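Analysis of the macromolecular model
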Amino acid sequence: MHAKNRIPSSGHSTPSPPASPLRSASSPLRSPRYRQGKRSGRFKPFQPGRTSIAHRIACLLLSLLLRRQGIFLFAPLIYISGMLLYMGTVSFDVVPVVKHRPAPGSVYRSPQVYEKLKIDMNGDNSSADAIWTIWKNSFEEGKWRPCVNKSSESLPESNGYIYVEANGGLNQQRTSICNAVAVAGYLNATLLIPHFHFHSIWRDPSKFEDIYDEDYFISALENDVRVVNKLPEYIMERFDHNLTNVYNFRIKAWSSIQYYRDVVLPKLLEEKIIRISPFANRLSFNAPPAVQRLRCLANYEALRFSSPILGLGETLVARMKERSANSGGKYVSVHLRFEEDMVAFSCCVFDGGEQEKEDMNKAREKGWKGKFTKPGRVIRPGAIRINGKCPLTPLEVGLMLRGMGFDNNTYIFLASGKIYNAEKTMAPLLEMFPNLLTKEMVASEEELAPYKNFSSRMAAIDYTVCLHSEVFVTTQGGNFPHFLMGHRRYLYGGHSKTIRPDKRKLALLFDNPNIGWKNFKRQMLNMRAHSDSKGFELKKPNESIYTFPCPECMCHTNKTEDSRSSSAT
């Protein structure tokens, strides 16, 4: 009889299979059930007799490590050896190239923008010419009028003579002249007509009387400041007729008027004559009303260009108004700073390639020997452009003005020196504004001949024509536009009538070849409106009275006072 399983399963009793006579206690099971399970892919139970060699070696190593724990001390060495072995199989000859996208506004792409906008720009007739509608705020909130009072009292005895040497270009010299008048008047000194330095950049040997009306200057100040064009003979003999032997004050830039009273005046009383060289920017913008009055008087009333320069300038103004008769005699003047020295000094990169790079390096070395090649100096053209410090190109000026609503019939007077690579750079501007003129185009060769080799006299002619334009456009800053804005405010009821572009915003717009004409025009009209709203501005602390004459050189006249005065007449 067969033995029975004594452990019940599910309440049933199942007979055990007969034992195989060949099977021992340690032999593996050979039943059909397991053979069938192997064929069906079921889990195969652990079979110690069939353990792999790799498994045995791993167990052996693990047991050795556990028994000899000191071997762990060699683990870092083993790791480093493995890494070195691995690295030896890797090639480092190929370095991955990481492409950096230029920051928005850092690249000169204006030519591409122009090509993109040209068709839509030329086909746009949606708005009236801006020359008629640009200044909407010029007569709001009343007017400002000049009110520089001249003294009627006689001057006390002079404390001595002041001799200044004015350096820089036309308008930097103008700053020195006006500040010298203010200092001399405050110290009750006699001012000797300022001497102009010969500068390596402007290379103009002109004297005061070559540019300004010297007699008019002296007479306009006669009751406020004594001005003479030569020193007494006894003083000249004292210094061997050489004014460089006169005691020279080296005064820090932007010194206060109190410094002149406390430091300069005692020496003046002792020596009876002092020299201040250089004198550009040697007086603070902030000063007492008496000093500011003298500055206003010198700049806006006493300084007048010499008769030849003034006569030619007024002739060119008349010709510009005649040519723009269809616009009511209104024309636009643009101060374009794209001369070679300005492009070089800015360190900006345009689209001239290697030739431009070579030209700029030569210009920098010629004008500023070693300044731009000092060890450690890093020049970042992209950052300069993003910050709005690059001079606008002729193409960019044209695009900006077309976007602001000036059509291609607008007459433009261009005030500039010799434009860099003019044949190429001026072509797009002339295409957009064919009625663009310069003093060389409005005046004859005979008329300009006496001034051709004198940069300051040529700049004085430009200044006169720009002063009387309906719109003045500044593109780079500097003394020329700053003086013009102040002078225009003084003449035009406190409004500068000047377009001052936001060059940081322009850098972004001109670096976007995908921009559409409507979007671009909207941005330009907003910029134009902002310039209009900033036409009236009062002088703030540390700002120049030569740019902001209100309120120290001008008086405010409200609309009520205007109506009273008109009814009284």
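Computed from a predicted structure; not experimentally measured.

Description of the sheet that holds strand E9 (residues 412-415)
- Reading across the sheet, the five strands line up as E10-E9-E8-E11-E12 and stay open at both edges, with parallel pairing between neighbours. The two strands at the open ends of the sheet, each matched to only one other strand, are strand E10 (436-437) and strand E12 (498-499).
- Note that strand E8 (residues 332-335) and E9 share four bridges and pair parallel. Looking across to E9, one finds that Val334 is bridged to Leu414.

Digging into the packing of helix H6 (residues 170-186) against helix H22 (residues 479-491)
- Running from amino to carboxyl end, H6 crosses H22 at an angle of 60°, the nearest separation of the two axes being 8 Å. Our classification of the angle between H6 and H22 gives oblique. Our pair here, H6 against H22, has a crossing hand that is left-handed. Residues Asn171, Gln172, Arg174 and Thr175 of H6 touch H22, and the partners they reach there are Asn479, Phe480, Phe483 and His487.

So, the packing of aromatic side chains
- A full pass over the atoms with the stated rule returns 18 aromatic pairs.
- A centroid spacing of 5.2 Å and a plane angle of 15° characterise the contact between Phe483 and Tyr546, whose relative ring orientation is stacked. Residue Phe483 is located in helix H22, and its partner Tyr546 is located in the loop between helix H24 (517-533) and strand E13 (554-557); the two are separated by 63 residues in the primary sequence. Neither residue differs from the other here; Phe483 and Tyr546 are each classed as buried.
- Clustering of aromatic rings is evident, with ring pairs tying together Phe196, Phe208, Tyr212, Phe217, Phe305, Tyr463 and Phe480.
- Here the guanidinium or amino end of Lys267 rests over the ring plane of Tyr247, the centre of that ring lying 4.5 Å away.
- In this arrangement the basic side chain of Arg457 is found over the ring face of Phe454, its NZ or CZ atom lying 3.7 Å from the centre.

Quick look at H24
- The terminal C-alpha atoms of H24 lie 24 Å apart, and with 17 residues this matches the ideal 24 Å at 1.5 Å per residue to within 8%.
- For H24, every residue scored as buried is listed here: Trp517, Phe520, Lys521, Met524, Met527, Arg528, Ser531 and Asp532. End-on, the buried residues of H24 take up no more than an arc of 145°, which puts them together on one face.
- Against the buried residues of H24 lie helix H4 (110-122), helix H5 (130-133), helix H16 (394-403), E12 and helix H23 (503-509).

Topic: the pattern of salt bridges
- All chains considered together, the criterion is met by 19 salt bridges.
- Where Asp210 meets Arg457, a salt bridge forms, and the shortest distance between an N and an O atom there is 3.5 Å. With Asp210 in helix H7 (residues 208-211) and Arg457 in helix H21 (residues 455-467), this residue pair connects regions lying 247 residues apart in the sequence.
- The partly exposed category is assigned to Asp210, whose relative accessible area is 28%.
- The salt bridge partner of Arg489 is Glu537, with a shortest N-O separation of 3.6 Å. Here the residue Arg489 occupies a position in helix H22, and Glu537 occupies one in the loop between H24 and E13, the gap between them amounting to 48 residues.

Quick notes on the state of the cysteines
- Inspection of every chain in the model, using the stated rule, returns three disulfides.
- Each sulfur of the disulfide joining Cys147 and Cys555 lies 2.0 Å from the other. Measuring the twist about the S-S bond at about 100°, one finds the Cys147-Cys555 disulfide to be right-handed. With Cys147 in the loop between strand E1 (143-146) and strand E2 (161-166) and Cys555 in strand E13, the pair connects residues that are 408 residues apart, well separated along the chain.
- Cys296 shares a disulfide with Cys553; S-S distance 1.8 Å. The S-S bond linking Cys296 to Cys553 shows a torsion near -65°; that makes this disulfide left-handed. Remark: Cys553 occurs in the loop between H24 and E13 and Cys296 occurs in helix H11 (residues 289-302); sequence separation between them is 257 residues. For the pair shown, Cys296 and Cys553 are each scored as buried.
- Left without a disulfide partner, Cys178 is nearest to the cysteine sulfur of Cys296, which lies 9.4 Å away.

As for the confidence of the model for the chain
- Of all residues in the chain, 80% have pLDDT values of 70 or greater, and the mean over the chain is 86.
- Considering only residues more than four positions removed or in separate chains, one finds that residues 1-46, a stretch of pLDDT under 50, has 11 contacts.
- Throughout residues 560-569 the model reports pLDDT below 50, and contacts reaching past four residues in sequence, or to other chains, amount to three contacts.

Section: the nonpolar core
- Counting 76 residues, the largest nonpolar core has Ile162, Tyr212, Phe217 and Tyr260 as its most contacted members.
- Top element by residues in this core is H6. It accounts for eight residues.
- Dropping the residues within four chain positions of it, Tyr212 is found in contact with Leu170, Arg174, Ile177, Phe196, Leu303, Arg304, Phe305 and Ser306.
- One finds Cys347, Leu436, Val473 and Phe510 within the second-largest nonpolar core, a separate group that totals 52 residues.

Quick notes on H16
- Among the 10 residues of H16, 10 are classified as buried, and the element is accordingly described as predominantly covered.
- Within H16 the residues assigned to the buried category are Pro394, Leu395, Glu396, Val397, Gly398, Leu399, Met400, Leu401, Arg402 and Gly403.

Some details on the environment of Tyr259
- Inspection of the secondary structure puts Tyr259 in helix H10 (residues 257-271).
- Linking Tyr259 and Leu283, residues 24 residues apart in sequence, is a C-alpha distance of 9.5 Å.
- When sequence neighbours within four positions are dropped, the list of residues in contact with Tyr259 reads Ile251 and Val264.

About the thresholds
- Sequence positions are assigned chain by chain, starting from 1 and proceeding in written order.
- Per-residue local features of the predicted model are confined to residues with pLDDT of at least 70, and side-chain atom pairs are confined, for both listing and counting, to 80 or more; whole-chain, interface and lining totals are unaffected and use all residues.
- Side-chain descriptors were evaluated using all non-hydrogen atoms of the structure, hydrogens and water having been removed beforehand.
- At least two bridges found by DSSP between two strands are what make those strands a pair.
- Each helix is a run of H or I in the DSSP string that is no shorter than four residues. Each strand is a run of E no shorter than two, and both are numbered from the N terminus.
- Between N-to-C directions, angles span 0 to 180 degrees; the directions come from axes that are lines fitted to C-alpha atoms, helices contributing only their stretch in contact.
- For classification purposes, an angle smaller than 35 degrees is called roughly parallel, one larger than 145 roughly antiparallel, one from 65 to 115 roughly perpendicular, and anything else oblique.
- Crossings are classed by handedness, with left-handed meaning an anticlockwise turn of the near helix from the far one by less than a right angle and right-handed meaning a clockwise turn.
- In this description, contact between two residues means that some pair of their heavy atoms is separated by no more than 4.5 Å.
- Side-chain rings of Phe, Tyr and Trp, where Trp is taken by its six-membered ring, are said to pair if the distance between their centres is within 6.5 Å; with planes under 30 degrees apart they count as stacked, over 60 as edge-to-face, and otherwise as tilted.
- Exposure is judged per residue with a 1.4 Å probe applied to protein chains only, and the accessible area is read against the type maximum: over 50% gives exposed, under 20% gives buried, and values in between give partly exposed.
- When the NZ atom of lysine or the CZ atom of arginine is within 6 Å of a ring's centre and also within 35 degrees of its normal, the charge is said to sit over that ring.
- Helices are assigned an expected span. That span is 1.5 Å times one less than the residue count.
- What the arc measures is the spread of directions leading from the helix axis to the C-beta atoms.
- Basic side-chain nitrogens of Lys or Arg form a salt bridge, by our definition, when they fall within 4 Å of a carboxyl oxygen of Asp or Glu.
- Two cysteine sulfur atoms form a disulfide, by the criterion used here, when they sit within 2.5 Å.
- pLDDT is defined as a per-residue confidence score from the predictor, taking values between 0 and 100.
- What makes a nonpolar core is a set of buried Ala, Val, Leu, Ile, Met, Phe, Trp, Tyr and Cys residues whose side-chain atoms join them at distances within 4.5 Å.

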